[in-house]
Amino acid sequence: MTLGLKDSKATAGDHFKVTGGNPLFGEFVVQGAKNAVLKQMAATILASGEHHLFNVPKILDVEIMAELLESMGLTCQFEEDHHVVITTPAPDDIRPFADYELVEKIRASVTVLGPLLARLKAATMSLPGGDDFGHRPIDIHLNALKSLGATFTTSHGYIEGKASRLDGTTIVLDFPSHTATDNIMMAAVLANGTTTIHNAAREPEVIDLGSMLNSMGAAITGLGSSILRIEGVPILKPANYRIIPDRIDAATAIAAVIMNKGNVFIRHGVIRHMDMLLRKLAGIGVNIHPDNNGFTVWVNKRIDAAQIATLPYPGIATDYLPLLVAAMSTANGESIVTENLFEGRFKYVDELRRLGATMAIHGHHVVIKGVENLQGAPVKATDIRAGAALLVAATSADGESKVLGTTHIQRGYEDFVTRFGDLGAKIELVSNENSC
Ligand code: EPU
């Protein structure tokens, strides 16, 4: 499957040229949730036949996940209107192998482990490395899969999992890891007997994966709570499923309105998925009004400073953090933003300083002294959300900015240029060839 993104755009010297200083008005249509769809694509391994996924965002990570599935013998076809058809062959025709070249590109590739073990009782996968924002182990995934009956050996950078059968059991997670919960659910749906996961992740994307599995014939209860109960079933049927809207995409648009002022209808934005964030923002001068099929956000003055800390859902998500740090850079007063999940998620702070922000890192806190205006400058994205935060900040800065690292943004955002351009932001993708 190709969305054409990799071929047409992602070269090292590409950049976004941003001319800042335009208030934003209009309607922003929230894309489908990246952190749901990637796992839902992995879940198609669990049933042979033709799966139909709707509201799939056209982003690079979807393309890479499709490539990974195709390398295993599945086929993926992008149809009109964000509809993806994935055809899964009989188990004998699935190759349970995830190559280094693909695994190192996206973290979500680790979620093929659960479905492969469930369906084929075998999975070989390149060990995922660290990430641009820190050490990202998979011990919670492996320990849980072991307690279901899998064994693992590691050699030459690959991990090989096997199981003669998987048996339901009680699993207590050390931390409510998002993708570990996804992986365990997908392993347990076809296991013998009942699996109970304590301290499970509660993110809307985890619920959405569970709902899709249930629509395929699985028996999962407790979705959205910290205790999930999964009764194993012998077989699942192919999925026909619409993916939820992406709350981080919605938060990106909100951050842009905060920094540029304006009034934007966030179509498909789901308030209950973003409750803690929206309550916090409402307390510092961001106006949010629920509307049919979304909500409106408007901001007409500098927001107040705030103290914000990230936590697993329902807390304020770590993925909002770079956007919040950017938004606080022009708030009125001193803010403290605390990251509690990932150790190194502050690389963009130096880049925001290049745009004129006044902020300093102290351990896992960023202390931000709000300035009136940022100034355009060349900056570089180091991961998806950092990239989005820099782009948003650049749209509000005086003068022109150059944002490098375009592939990071394309990994998680469909057509940033048009979707924010339609609101009034001036962003242009400049390809390497054109810039010489
Ligand atoms: N952790 C472990 N061992 C594990 C798994 C996790 O120690 O086996 C630790 C991590 O090191 C981290 C914490 O647990 O300190 C949270 O990690 P979690 O497993 O919940 O994160 P993840 O599942 O790897 C997903 C999203 C991230 C998002 C986090 C937190 C996907 C593909 N990724 O990662 O999204 O930040 O949950 O909500 O779903 C993004 O979209 O840009 C992104 C990075």
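That block above? That's the structure.
Let me begin by describing the structure that accompanies this report. (Residues numbered from 1 in each chain as written. Predicted model: local features only at pLDDT ≥ 70, side-chain atom pairs only at ≥ 80, totals over all residues. Heavy atoms only, no water.)

Regarding its fold elements, the protein chain presents 16 helices and 24 strands. Referenced to the eigenvectors of the C-alpha coordinate spread, the extents of the protein chain come out at roughly 65 × 45 × 45 Å. Looking at the protein chain alone, contacts between residues at least 24 apart form 75% of all its contacts between residues at least 6 apart. Total accessible area on the protein chain is roughly 16500 Å²; 50% of this is exposed by carbon and sulfur atoms. Averaging the locations of the 38 positively and 47 negatively charged side chains of the protein chain gives two centres separated by 4 Å. (Helix = DSSP H or I, 4+ residues; strand = E, 2+ residues; numbered from the N terminus. Contact = heavy atoms within 4.5 Å. Areas by Shrake-Rupley, 256 points an atom, 1.4 Å probe, with all protein chains shown as cover. Lys, Arg positive; Asp, Glu negative; His and termini not counted. Charge placed at Lys NZ, Arg CZ, Asp CG, Glu CD.)

Sheet architecture is open: 4 strands sit in the order β6-β7-β9-β8, paired in mixed fashion. Sheet topology places β6 (97-98) and β8 (151-155) at the edges, where each strand pairs with a single neighbour. Direction of pairing for strand β7 (residues 122-126) relative to strand β9 (residues 158-162): antiparallel, over a ladder of 5 bridges. Counted as the bridge partner of Ala-122 is Lys-162 from β9. (Pairing = 2+ DSSP bridges.)

Mapped onto the secondary structure, Thr-330 falls in the loop between α11 (321-328) and β19 (334-338). Classification of Thr-330 by relative accessible area gives buried; the value is 9%. Those residues in contact with Thr-330 that lie beyond four places of it in its chain are Met-259, Arg-302, Val-371, Glu-372, Asn-373 and Leu-374. (Buried < 20%, exposed > 50% of the residue type's maximum accessible area, 1.4 Å probe, protein only.)

This part is about helix α7 (residues 178-188). Within an α-helix, residues lying three or four positions from one another point in the same direction, as the helix has 3.6 residues per turn. With 11 of its 11 residues buried, α7 lies for the most part within the structure. Its side-chain oxygen placed 3.1 Å from the backbone nitrogen of Ala-180, Ser-177 serves as the N-cap of α7. (Polar contact = N/O pair within 3.5 Å; in protein donor to acceptor, adjacent residues only side chain to side chain.)

This paragraph deals with the sheet that holds strand β5 (residues 84-88). Read across the open sheet, the 4 strands follow the order β4-β5-β3-β14; overall the sheet is mixed. Two strands in the sheet have a free side with no partner beyond their single neighbour: β4 (75-78) and β14 (240-242). Adjacent strand axes in the sheet meet at a mean angle of 15°, parallel and antiparallel pairs treated alike. In this sheet, β5 lies alongside strand β3 (residues 49-54) in antiparallel orientation, the contact comprising 5 bridges. By the bridge assignment, Gly-49 is partnered in β5 with Thr-88. Its contacts with the sheet put helix α3 (residues 60-71) on β4 and β5, and the angle it makes with β4 is roughly 150°. Across the sheet, helix α8 (residues 204-215) touches β3 and β14, and the angle it forms with β14 is around 155°. (Axes fitted to C-alpha atoms, helices over the stretch in contact; angles between N-to-C directions.)

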